[in-house]
Amino acid sequence: MIRYMKEMWKRKDLVSYLVVTGLKAENRNTALGYLWWLLDPFLNILIYYFLVAVIMKRGSPDYSPFLVVGMIVFRYFSTTVSMSCNAILSHSGIITQVYLPKAIFAVGTTLSQTINFLFGLLIVEGFMLFFHRMPGIQLVCLPLIILVQLLFQLAIAMFLSYICIFIRDFKNVVGHIIMILHFIAPVIWEVTFLPEKYQWVVRYDPIAWLLQAYRDVFMYGRFPDFRLLAVLMGFSVAAILGLLWFFDKNEHKIVKAL
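1. Notes on the overall build of the protein
Here comes step 1: Within the protein, the secondary structure is distributed over 11 helices and 0 strands.
Here comes step 2: In sequence order, the secondary structure elements of the protein are arranged as α-α-α-α-α-α-α-α-α-α-α.
Here comes step 3: Whereas a compact globule of 258 residues would reach a radius of gyration of roughly 18 Å, the protein reaches 19 Å, a difference of no more than 12%.
Here comes step 4: Its C-alpha atoms give the protein principal-axis dimensions of roughly 55 × 45 × 35 Å.
Here comes step 5: Taking all 258 residues of the protein together, the buried fraction comes to 46%.
Here comes step 6: Pairs at least 24 apart in sequence give 80% of the contacts found in the protein among residues at least 6 apart.
Here comes step 7: Carbon and sulfur atoms provide 69% of the accessible area of the protein, an area that totals close to 13300 Å².

Below, the structure written as structure tokens:
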């Protein structure tokens, strides 16, 4: 595994190339181009706000900033996970001709979506200013929360990028799983909406942990639960190391499958 990690480090320029090309490809043929990085999440927020707060008349006075944080954070998760299904498949041409550590493509996908997420945080900051919610010293925890989410999603991306090579239909299943997670996690609904007997779902949902951590920093002026972040980071790092070992032992199967 150490050898495999060294091979990936030698190709760090390729990671930079994958990140840049991934960013360019998303809005290559659109008239507004990179402006969609801001417009797309903004329009999604407006749609859900109209549905929940206006039509259904649900939500507390803090619902608007609550929704903004939830939508931006979950969008980062969902786009990373969905795009990771094709992370290796979309580069099959070069993979079958030149040896490259295959896990590097999951890394490129995750990092490119992280940059998209940083643009999305501009929307969060704008809404916080509009609603007169100025983050305090707790903002110093933001890089840690982003790092934890990045590692969590990288572990998922590596797993899915491998599985989808051998089970091509699985990427269609992933889309439905993301939809289920969107409504299970408190993205658009507040925990108070949930009956008491079902609140255990939130307690054991790592996405809910991340959402709460961001909301603690941006909305509530308090430090996140470092214990939950440590658990999620530890699990993610262990999964990444295990997957790197697995990739190293099974890369020959990928070339054959492609």
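Right, picking up where we left off after that structure.
2. Some details on the layout of surface pockets
Here comes step 1: Reported here for the largest pocket is a volume of approximately 310 Å³.
Here comes step 2: Every residue lining the largest pocket is counted, 14 residues in all, and those nearest its centre are M5, M8, V107, I240 and L244.
Here comes step 3: The biggest single contributor to the lining of the largest pocket is helix α11 (residues 226–257), with 4 residues.

3. What to know about empty space enclosed by the protein
Here comes step 1: Inspection of every chain in the model, using the stated rule, returns 1 cavity of 30 Å³ or more.
Here comes step 2: Within this model, the largest cavity holds a volume of roughly 70 Å³.
Here comes step 3: The wall of the largest cavity is formed by P41, I72, R75, Y76, T79, Q113, N116, F117 and G120.
Here comes step 4: Looking at the lining of the largest cavity, the elements with two or more residues in it are α4 (63–84) and α6 (103–130).
Here comes step 5: Looking at the lining of the largest cavity, its residues break down into 4 nonpolar, 4 polar and 1 charged.

4. Overview of helix α8 (residues 170–184)
Here comes step 1: Compared with the 21 Å implied by 1.5 Å per residue over 15 residues, the 21 Å span of α8 between its first and last C-alpha is a close match.
Here comes step 2: Within the sequence span of α8, burial applies to V174, I178 and H182. In an axial view of α8, the angular spread of the buried residues amounts to 80°, which keeps them on one side of the axis.

5. Side note on the side chain of T114
Here comes step 1: Positionally, T114 belongs in helix α6.
Here comes step 2: On the accessibility criterion, T114 (9% relative accessible area) is buried.
Here comes step 3: Leaving out residues up to four positions away in the same chain, T114 has contacts with Y76, I146 and L150.

6. Regarding the packing of helix α1 (residues 2–10) against α11
Here comes step 1: Look at α1 against α11: their axes get within 9 Å of each other, and the N-to-C directions meet at 90°. As far as their axial angle goes, α11 and α1 are roughly perpendicular. Where α1 abuts α11, its residues R3, Y4, M5 and M8 lie against L244, F247, D248 and E251.
Here comes step 2: Grouping the amino acids of the contact of α1 with α11 by side-chain chemistry returns 5 nonpolar, no polar and 3 charged.

7. Re the packing of α6 against helix α7 (residues 142–166)
Here comes step 1: Relative orientation of the contacting elements α6 and α7 amounts to 140°, with a least axis distance of 9 Å. Our pair here, α6 against α7, has a crossing hand that is right-handed. Facing A103, A106, V107, T110, L111, T114, F117, L118 and L121 of α6, the residues of α7 in contact are L142, I146, Q149, L150, Q153, L154, A157, M158 and S161.
Here comes step 2: Of the residues contributing to the contact of α6 with α7, the split by class is 13 nonpolar, 5 polar and no charged.

8. Topic: the confidence of the model for the protein
Here comes step 1: In this model, the protein carries a mean pLDDT of 84, and residues with pLDDT of at least 70 account for 90%.
Here comes step 2: Per-element confidence in the protein is highest for α7, whose mean pLDDT is 95, and lowest for helix α3 (residues 36–55), whose mean pLDDT is 72.

Reading the values: the criteria
Residues numbered from 1 in each chain as written. Predicted model: local features only at pLDDT ≥ 70, side-chain atom pairs only at ≥ 80, totals over all residues. Heavy atoms only, no water. Helix = DSSP H or I, 4+ residues; strand = E, 2+ residues; numbered from the N terminus. Rg over C-alpha atoms; globule rule 2.2 N^0.38 Å. Buried < 20%, exposed > 50% of the residue type's maximum accessible area, 1.4 Å probe, protein only. Contact = heavy atoms within 4.5 Å. Areas by Shrake-Rupley, 256 points an atom, 1.4 Å probe, with all protein chains shown as cover. 1 Å grid on protein atoms, 1.4 Å probe; cavity = no way out; pocket = protein on both sides within 12 Å on 5 of 7 lines; lining within 4 Å. Points joined across faces, edges and corners; volume = space filled by probe spheres on them. Nonpolar A, V, L, I, M, F, W, Y, C, P; charged D, E, K, R; others polar. Expected span 1.5 Å × (residues − 1). Arc of directions from axis to C-beta. Axes fitted to C-alpha atoms, helices over the stretch in contact; angles between N-to-C directions. Parallel < 35°, antiparallel > 145°, perpendicular 65-115°, else oblique. Left-handed = near helix turned anticlockwise from the far one by under 90°. pLDDT = per-residue confidence, 0-100.

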